Structures are given as structure tokens and as C-alpha cells.
Amino acid sequence: MLCAGGTCLVLTETAGAGDIMEQTIKKIGREMGIYMSIVMSLFLSLIGTLMSGHFKVQSFILSFLISLMISIVISMLVPMGKVSQSVDRKMNLRPGSMKARCMESLVSDLIYTPIMTVCMVSFAYMMAMKQSHGHTDMKYVPTLLRSLGVSLVVGYLLVFIFQPLFLKMLLKKYNVPQGPGGPGAGKPGLGAGRPESGEGRP
């Protein structure tokens, strides 16, 4: 059984079913990464551009595209399922429980948001410098700190709210049976993989 956000996948061990389920979970993981990247990039790039004090549609679109690429790269490189599973084990949290969901959202937020915020604020600063011919009144460090504080809160809420929604949508799309929260770990939407001895592992 694999759990995420209070939703669990019931995995069977019949011949051939394991490989099929593993491929399905990989598909779910890839799509989850894309969906979450779009949501995170949209909101965080908007925050970064607005807080720069120099909001322009063109700058926002470019910021969103850059943020989206960065977010997708992070989702490909960072094994979030493995990281979340490790956190659950070390803190003795039951996968699928509210406490586990809160902690997993926090971990995802702390990995994604700082990197994306630095990139977005840096881009906004460069655009402001270019548009003002090097005489912008935007202060980089104060803007970065304010944006980071706001983005961490917003990022946490985005992960907490949208991740389980996207997961349920993808489970339904691929006709994957769901069960109540129970033993198991890993997050299918963030890189979980083959189950072992009744527990999910990336």
C-alpha cells in the first residue's frame, strides 16, 4: 500500500501485476510533478513579480516559464517520495495521517520554495535594473527576504491542498484502487515506486 495526503494505493502481488503497477505509479509520479510544477510556478512567480514592485505582464510570463523549468528539473532530480518516506520513519508518523501529510508538505515546501524564490526575485531584479537602466529603487535583499517569507507560507498551502487533489485525480484516471490510510510509505506523485513487504518504497 502506498499513501499520500490521506489517499492510499492498494497494490496487489499477483504475477505480472507488480510490474504493471510500478509503471502506472511512475506515470502518476511524472504527471504529478508536472501539475505541481505548474501550480507552484504560477503562484510563486506571481508573488515574486508583485513583490518586486515592478509588475509587468511580460516579466510575469517570463518569470513563470523560468520557474516552471526549474520546478520540473527539481521534481526530476529530487526523490521526494524517498525523502518523505524517510521523514515519516524518523518521526514515527503513519503514512496518510494528518501529521504525516503536514510534515511531508513542509519538506516539499522547504525543498522547492527557497530555490524558486531566489530565482524569481533575481530575475525580477535583473528586469527592474534593465528597465530602469541600472537605477532601480528595488532593494534585492529586503525584497528576497519578504518574498521568501510569503512564498514559504503560500508554497506550503499549495502543496498541502493541491497534492492530494491531483493524486486522487490521477488515481481515478489510471483506475488505481484506493484504500484507507494504513501501513505503507512513499508518495506516488513524488516518485514512489515498487512496494516491498507491504510498504511502499521509491
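Our subject is the structure listed above.
The rules we used
- Residues numbered from 1 in each chain as written.
- Predicted model: local features only at pLDDT ≥ 70, side-chain atom pairs only at ≥ 80, totals over all residues.
- Heavy atoms only, no water.
- Helix = DSSP H or I, 4+ residues; strand = E, 2+ residues; numbered from the N terminus.
- Contact = heavy atoms within 4.5 Å.
- Areas by Shrake-Rupley, 256 points an atom, 1.4 Å probe, with all protein chains shown as cover.
- Buried < 20%, exposed > 50% of the residue type's maximum accessible area, 1.4 Å probe, protein only.
- Arc of directions from axis to C-beta.
- Salt bridge = Lys/Arg side-chain N within 4 Å of Asp/Glu carboxyl O.
- Axes fitted to C-alpha atoms, helices over the stretch in contact; angles between N-to-C directions.
- Parallel < 35°, antiparallel > 145°, perpendicular 65-115°, else oblique.
- Left-handed = near helix turned anticlockwise from the far one by under 90°.
- Nonpolar A, V, L, I, M, F, W, Y, C, P; charged D, E, K, R; others polar.
- Patch = residues over 30% accessible without salt bridge, like charges linked within 9 Å, V, L, I, M, F, W, Y side chains within 5 Å.

> Tell me about the overall build of the chain, and name the residues and values.
Counting secondary structure elements, the chain contains five helices and five strands. Ordering the α and β elements of the chain from the N terminus gives β-β-α-α-α-α-α-β-β-β. In the chain, once contacts between residues fewer than 6 apart in sequence are set aside, the share between residues at least 24 apart is 75%. For the chain, the accessible surface area stands at approximately 10200 Å², while carbon and sulfur atoms represent 68% of it.

> An account of helix α3 (residues 80–90) is needed here, citing residue identities and associated values.
Within α3 the residues assigned to the buried category are Met-80, Gly-81, Ser-84, Gln-85, Val-87 and Asp-88. One side of α3 holds all its buried residues, which, seen down the axis, span an arc of 160°. Exposed side of α3, more than 90 degrees from the buried face: Lys-82, Arg-89 and Lys-90 are the residues found there. Asn-92, located one to two residues past α3, shows a positive phi value of around 55°.

> Hey, could you go over the pattern of salt bridges for me, with residue numbers and the actual values?
All told, the structure shown has one salt bridge when counted by the stated rule. The salt bridge partner of Glu-31 is Lys-173, with a shortest N-O separation of 3.0 Å. Residue Glu-31 is found in helix α1 (residues 17–51), and its partner Lys-173 is found in helix α5 (residues 140–173); the two are separated by 142 residues along the sequence.

> Just give me the short version of the packing of α3 against helix α4 (residues 98–131), but keep the residues and values in it.
At their nearest, the axes of α3 and α4 sit 10 Å apart, and the two run at 130° to each other. Taken together, the axes of α3 and α4 are oblique relative to one another. Viewed along their axes, α3 and α4 form a crossing whose handedness is right-handed. Contact residues: Met-80, Val-83, Ser-84, Val-87 and Asp-88 in α3; Ala-100, Met-103, Glu-104, Val-107, Ser-108, Ile-111 and Tyr-112 in α4. Its residues placed into classes, the contact of α3 with α4 shows eight nonpolar, two polar and two charged.

> Now, about a nonpolar patch on the surface: what can you tell me, with residues and values included?
Where nonpolar side chains cluster on the molecular surface, the patch consists of Leu-46, Leu-50, Phe-55, Val-57, Ile-61, Leu-62 and Leu-65 and spans about 580 Å² of accessible area. Counting only elements with at least two residues in the nonpolar patch, the list comes to α1 and α2 (57–77). With respect to the secondary-structure elements, Val-57 resides in helix α2.

> Help me get a handle on the side chain of Ser-71, residues and values and all.
With respect to the helices and strands, Ser-71 occurs in helix α2. A relative accessible area of 0% places Ser-71 in the buried class. Dropping the residues within four chain positions of it, Ser-71 is found in contact with Ser-37, Ser-41, Tyr-112 and Met-116.

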